[in-house]
Amino acid sequence: MDVKIESSWKQQLQAEFEQPYFSELIAFVKSEYATQRVYPPGKLIFNAFDKCPFDQTKVVILGQDPYHGAGQAMGLSFSVNEGVATPPSLNNIFKEIKDDLGQDIPKSGNLERWAEQGVLLLNATLTVRDGSPGSHQNKGWEHFTDAVIRCLNTEKSGLVFMLWGKYAQDKGKIIDPNRHFVLKAKHPSPMAANYGGWFGTKHFSQANNYLSSKGLPPIVW
């Protein structure tokens, strides 16, 4: 199957695109876009990969579903389009960055600036129906994104994986902590973060210190 995705990722994942489950997944997704309101826009489904090529990936942040409100999802986990109000989880991420690194909280929740520095903002499920969180789970996306994580785990070394919340940590069990730097914390959503385990984790300075130790430029969070 000819999938429109950044070339280095296409080379790494081509075998996955030929699997029967992936054909079934794409048929389902096409049907949903034809009959329902689905996010993100179709051209942005693989935006995380297009903005952060495989050979430039340094950090991986795992999310779950795209945002399911109009105008929010843009193919990068936790990120929203310009002009969209910052969601609560992302606001807590920005608060932790301010506490950790002393940076001002940005006005924009668009995280393309992270992706362009080598941060893969990967959701487990890449599409969702309007107003219906989880509606595209268990259709094949998780199988595909597991393959992405396995590829990163085995074909690269010295990556930083940020696993926030039980879902991301379960999905990240296939990551070899001897090859990569794995950071775990509670999810930044208010329901989890306000009960401890998110604020004060200093993941962003830890990630940058690790990258610097490998001779790589730190991320400008």
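Quick look at the structure, then. Throughout, a residue's number is its position along its own chain's written sequence, starting from 1. Only residues with pLDDT of at least 70 are given local features in this predicted model, and only at 80 or more are side-chain atom pairs given and counted; all residues enter the totals for whole chains, interfaces and linings. Just so you know, side-chain values use all the structure's heavy atoms and leave hydrogens and water out.

## Focus: the overall build of the protein chain
In this text, helices come from DSSP runs of H or I with a minimum length of four residues, and strands from runs of E with a minimum of two, each type numbered from the N-terminal end. Along its length, the protein chain carries 9 helices and 6 strands. We compute the radius of gyration over the C-alpha atoms and compare it with the globule rule, which gives 2.2 Å times the number of residues raised to the power 0.38. For a compact globule of 221 residues, the expected C-alpha radius of gyration is about 17 Å, and the protein chain comes in at 17 Å, within 12% of that figure. For the protein chain, the spread of C-alpha atoms along the principal axes amounts to about 45 × 35 × 25 Å. Scored against the burial criterion, the 221 residues of the protein chain give a buried share of 51%. Here the contacts in the protein chain between residues at least 6 apart in sequence split such that 66% fall between residues at least 24 apart. For the accessible areas, the method is Shrake-Rupley and the probe is 1.4 Å, while residue cover comes only from the protein chains on display. With an accessible surface of roughly 10,100 Å², the protein chain has 50% of that area assigned to carbon and sulfur atoms. Across the protein chain, the 23 positively charged side chains and the 22 negatively charged ones have centroids separated by 3 Å. For each residue, the accessible area found with a 1.4 Å probe, counting protein chains only, is set against the maximum for its type, and the residue is called buried under 20%, exposed over 50%, and partly exposed in between. Whether two residues are in contact is decided by their heavy atoms: any pair within 4.5 Å suffices. Neither His nor the chain ends is counted toward charge; the positive residues are Lys and Arg and the negative residues Asp and Glu. Where a charge lies is defined by one atom per residue type: Lys uses NZ, Arg uses CZ, Asp uses CG and Glu uses CD.

## So, the pairing of strand E6 (residues 181-185)
Following DSSP output, two strands are said to pair if at least two bridges run between them. Here strand E5 (residues 160-164) pairs with E6 via 5 bridges, running parallel. The partner of Trp164 across the bridge, within E6, is Ala185. One crossover worth recording links E5 to the parallel E6 by way of helix H7 (residues 166-171), and it is right-handed. Call a crossover right-handed when, viewed with both strands pointing away from you, the route from the first strand across the helix to the second goes clockwise.

## Considering the packing of aromatic side chains
Centres within 6.5 Å make a pair out of two Phe, Tyr or Trp rings, where for Trp the six-membered ring is used; the pair is then stacked when the planes are under 30 degrees apart, edge-to-face when over 60, and tilted otherwise. On inspection of all chains with the given rule, the structure shows 18 aromatic pairs. Judged by centre distance (6.0 Å) and plane angle (75°), the ring pair of Phe46 and Trp141 falls under edge-to-face. Of this pair, Phe46 sits in the loop between strand E1 (38-39) and helix H3 (47-51) while Trp141 sits in helix H6 (residues 141-155), and the two are 95 residues apart along the sequence. Each member of the pair Phe46 and Trp141 is classed as buried.

## A short note on the state of the cysteines
Cysteine sulfurs are considered disulfide-paired once they come within 2.5 Å of each other. Using the criterion set out here, one finds 0 disulfides in the structure. Note on Cys151: no disulfide assigned, nearest cysteine sulfur contributed by Cys52 at a separation of 12 Å. What makes Cys151 buried here is its relative accessible area of 9%.

## Some thoughts on the packing of helix H4 (residues 88-101) against helix H9 (residues 203-213)
To get an axis, a line is fitted to the C-alpha atoms, and for a helix only the part in contact is used. The angle between two axes follows their N-to-C directions and goes from 0 to 180 degrees. For the pair H4 and H9, the least separation of the axes is 8 Å and the interaxial angle reads 60°. As far as their axial angle goes, H9 and H4 are oblique. Residues Ile93, Glu96, Ile97, Asp100 and Leu101 of H4 form the contact with H9, whose own contacting residues are His203, Phe204 and Ser205. Residues belonging to the contact of H4 with H9 are distributed by class as follows: 4 nonpolar, 2 polar and 2 charged. Note on terminology: angles under 35 degrees are roughly parallel, angles over 145 are roughly antiparallel, angles of 65 to 115 are roughly perpendicular, and the others are oblique. Note on residue classes: Ala, Val, Leu, Ile, Met, Phe, Trp, Tyr, Cys and Pro are nonpolar, Asp, Glu, Lys and Arg are charged, and everything else, Gly too, is polar.

## Section: the side chain of Thr125
Positionally, Thr125 belongs in the loop between strand E3 (119-123) and strand E4 (128-129). The class for Thr125 is buried, based on a relative accessible area of 0%. Ignoring any residue separated from it by four or fewer positions in sequence, one finds Thr125 in contact with Gln64, Asp65, Pro66, His136, Gln137, Trp141 and Glu142.

## Here we look at the environment of Tyr167
Position of Tyr167 relative to the elements: it lies in helix H7. Residue Tyr167 is classed as partly exposed on the basis of its relative accessible area of 30%. A C-alpha to C-alpha distance of 23 Å links Tyr167 and Ser157, two positions 10 residues apart in sequence.

## Comments concerning the pattern of salt bridges
Once their charged atoms are close, side chains differing in charge can pair, the charge on each being opposite to the other. Salt bridges, as used here, are contacts in which a Lys or Arg side-chain nitrogen is within 4 Å of a carboxyl oxygen on Asp or Glu. Evaluated as defined, the whole model comprises 6 salt bridges. Residue Asp146 pairs with Lys171 through a salt bridge whose shortest N-O separation is 2.6 Å. Of this pair, Asp146 sits in helix H6 while Lys171 sits in helix H7, and the two are 25 residues apart along the sequence. A relative accessible area of 9% places Lys171 in the buried class. Residue Asp170 is joined to Lys173 by a salt bridge in which the shortest nitrogen-to-oxygen separation is 3.4 Å. Using a relative accessible area of 64% as the deciding quantity, one classes Lys173 as exposed. Connected through shared salt-bridge partners, Lys166, Asp170 and Lys173 make up one network.

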